[in-house]
Amino acid sequence: MKKILAVIMMCMIVFGLTACGGAKEKSGESANANATEATEVTTESETEDETSSDNEDGQSGKSLIVYFSATGNTEAVAEIFAEEKNLDIYEIVPEQPYTDADLDYNDSSSRSTVEQNDENARPAISGSIENIEDYDVIYVGFPIWWGDMPRILYTFFDNYNLSGKTIAPFATSGGSGISGAVESIRELEPEGTVTEGLLTSASNAESDLNEWLGSIGLEQ
């Protein structure tokens, strides 16, 4: 009888020790899980703080590419730019599209020639940018017509208040430079910061754009 009682007592002691060990393991697992969750929350918080800090410094503001293209050359550059740098893009579309006859630079009576010779010409734009205030940097692309930007770009700058924004012009051209267009934009947007312009082509766009962004301090 004493032997049976002894065996029963030993079994009870072993069972008790096993239960305590399991409780400790569960407690340890719970503590480790809590520690992991705390680490994840801290990491996310630090990321949000870093993002907020970048925005406050003005280094991570949103950028928008706005472009007008009559023949597709500037459009090709703008699309390469947008894809390479993952930027939003908006096309300036004229209410009255330009025909081949309109773009005949050798015809003094063609629409483009008449518009460029008229300082007050403001061709109408179809559509609008509803949230332009969300962007800190506006890249503006266009072809060079008679040493300047097309008059429809004047319409664009008349339509939007870009005060306090950085405006970075880029253009395509058959021969004329971009400096005249840059000066025109500075006159139209005296409260904005207008960078030096870039004259490029679709074949050289990627390398030209990266070099230009570095030179004007707008690396993306």
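One can find the structure itself at the top, above this paragraph.
Remember, predicted model here, so these are calculated numbers, not experimental data. (Residues numbered from 1 in each chain as written. Predicted model: local features only at pLDDT ≥ 70, side-chain atom pairs only at ≥ 80, totals over all residues. Heavy atoms only, no water.)

Engineer: Teacher, can you tell me more about the nonpolar core here?
Structural biologist: Within soluble globular proteins, side chains that are nonpolar tend to cluster in buried spots. Counting residues in hydrophobic clusters, the biggest one holds 31 residues, and the most contacted among them are Ile92, Phe142, Leu153, Phe156 and Phe157. Contributing elements (two or more residues each) for this core: strand E1 (62–67), strand E5 (135–143), helix H4 (151–159), strand E6 (166–172) and helix H5 (179–188). Examining the composition of this core, we find that five residues originate from one element, H4, more than from any other. Ranked by size, the runner-up nonpolar core spans 18 residues in total, among them Phe170, Leu209, Leu213 and Ile216. (Core = buried A, V, L, I, M, F, W, Y, C linked by side-chain atoms within 4.5 Å. Buried < 20%, exposed > 50% of the residue type's maximum accessible area, 1.4 Å probe, protein only. Helix = DSSP H or I, 4+ residues; strand = E, 2+ residues; numbered from the N terminus.)

Engineer: How should the side chain of glutamate 189 be read in this particular structure?
Structural biologist: On the secondary structure map, glutamate 189 appears in the loop between H5 and strand E7 (193–194). There is no salt bridge for the buried glutamate 189, and the closest opposite charge comes from lysine 165, which lies 9.8 Å off by N-O distance. (Lys, Arg positive; Asp, Glu negative; His and termini not counted. Salt bridge = Lys/Arg side-chain N within 4 Å of Asp/Glu carboxyl O.)

Engineer: Where do I start with the pattern of salt bridges in this structure?
Structural biologist: Side chains carrying opposite charge are able to pair once their charged atoms draw close together. Per the stated rule, a full pass over the model turns up five salt bridges. For glutamate 183, the salt bridge identified is with arginine 186, shortest N-O distance 3.0 Å. Here glutamate 183 and its partner arginine 186 are both found in helix H5, three residues apart, which amounts to about one turn of the helix. Judged by its relative accessible area of 28%, arginine 186 falls in the partly exposed class.

Engineer: Before we go on, may I ask you to explain the packing of helix H2 (residues 73–85) against helix H6 (residues 205–215) in this structure?
Structural biologist: Helix packing geometry: the angle between the two helix axes and the distance between the axes. At a closest axis distance of 10 Å, the pairing of H2 and H6 adopts a crossing angle of 65°. Relative to H6, the crossing made by H2 is right-handed. Contacts between H2 and H6 involve Val77, Ile80, Phe81, Glu84 and Lys85 on the former and, on the latter, Ala205, Glu206, Leu209, Asn210, Trp212 and Leu213. Tallied by class, residues from the contact of H2 with H6 come to seven nonpolar, one polar and three charged. (Axes fitted to C-alpha atoms, helices over the stretch in contact; angles between N-to-C directions. Left-handed = near helix turned anticlockwise from the far one by under 90°. Contact = heavy atoms within 4.5 Å. Nonpolar A, V, L, I, M, F, W, Y, C, P; charged D, E, K, R; others polar.)

Engineer: Quick question: what am I supposed to make of the packing of aromatic side chains here?
Structural biologist: Two aromatic rings, taken as a pair, are described by how far apart their centres are and by the angle between their planes. Applying the stated criterion across every chain yields a total of twelve aromatic pairs. A ring pair is formed by phenylalanine 156 and tyrosine 160, whose centres lie 5.1 Å apart and whose planes are at 45°; its orientation type is tilted. Judged by its relative accessible area of 1%, phenylalanine 156 falls in the buried class. An aromatic cluster of at least three residues, connected via ring pairs, comprises Phe68, Tyr98, Tyr105, Trp145 and Trp146. One residue, arginine 111, lies across the ring of tyrosine 98, its end atom 3.7 Å from the ring centre. (Phe/Tyr/Trp six-rings, centres within 6.5 Å; stacked < 30°, edge-to-face > 60°. Lys NZ or Arg CZ within 6 Å of the ring centre and 35° of its normal.)

Engineer: Looking at this model, I keep getting lost on the pairing of strand E2 (residues 88–91). Mind explaining?
Structural biologist: Strand residues, when the strand is regular, have side chains that alternate between the two faces of the sheet. Direction of pairing for E1 relative to E2: parallel, over a ladder of four bridges. By the bridge assignment for E2, valine 66 is matched with tyrosine 90. Handedness of the β-α-β unit built from E1, H2 and E2 comes out right-handed. (Pairing = 2+ DSSP bridges. Right-handed = clockwise from strand over helix to strand, strands pointing away.)

Engineer: Looking at this structure, how should I read unusual backbone geometry?
Structural biologist: Across the chain, the bulk of peptide bonds are trans and the bulk of non-glycine residues have phi less than zero. Phi is positive for asparagine 86, close to 55°, though the residue is something other than glycine. By the element assignment, asparagine 86 lies in the loop between H2 and E2. Since its relative accessible area comes to 71%, asparagine 86 is described here as exposed. Of note in this structure, tryptophan 146 is not a glycine but carries a positive phi near 55°. Structurally, the position occupied by tryptophan 146 is in the loop between E5 and H4. Tryptophan 146 gets classed as partly exposed once you look at its relative accessible area, which sits at 41%.

Engineer: How do you make sense of the layout of surface pockets when you look at a structure like this?
Structural biologist: If a probe as big as a water molecule is rolled over the atoms, it shows which places are left empty. Approximately 280 Å³ is the volume found for the second largest pocket. Across the lining of the second largest pocket, the residue classes tally to seven nonpolar, eight polar and no charged. (1 Å grid on protein atoms, 1.4 Å probe; cavity = no way out; pocket = protein on both sides within 12 Å on 5 of 7 lines; lining within 4 Å. Points joined across faces, edges and corners; volume = space filled by probe spheres on them.)

Engineer: Teacher, can you tell me more about the packing of H4 against H5 here?
Structural biologist: Across the interface, H4 lies against H5 with an axial gap of 10 Å and an inter-helix angle of 25°. Relative to H5, the element H4 is oriented roughly parallel. Every pair of crossing elements has a handedness; the one defined by H4 and H5 is right-handed. Of the residues in H5, those touching H4 at Tyr154, Phe157 and Asp158 are Ser184, Ile185 and Leu188. Taken together, the residues of the contact of H4 with H5 sort by class into four nonpolar, one polar and one charged. (Parallel < 35°, antiparallel > 145°, perpendicular 65-115°, else oblique.)

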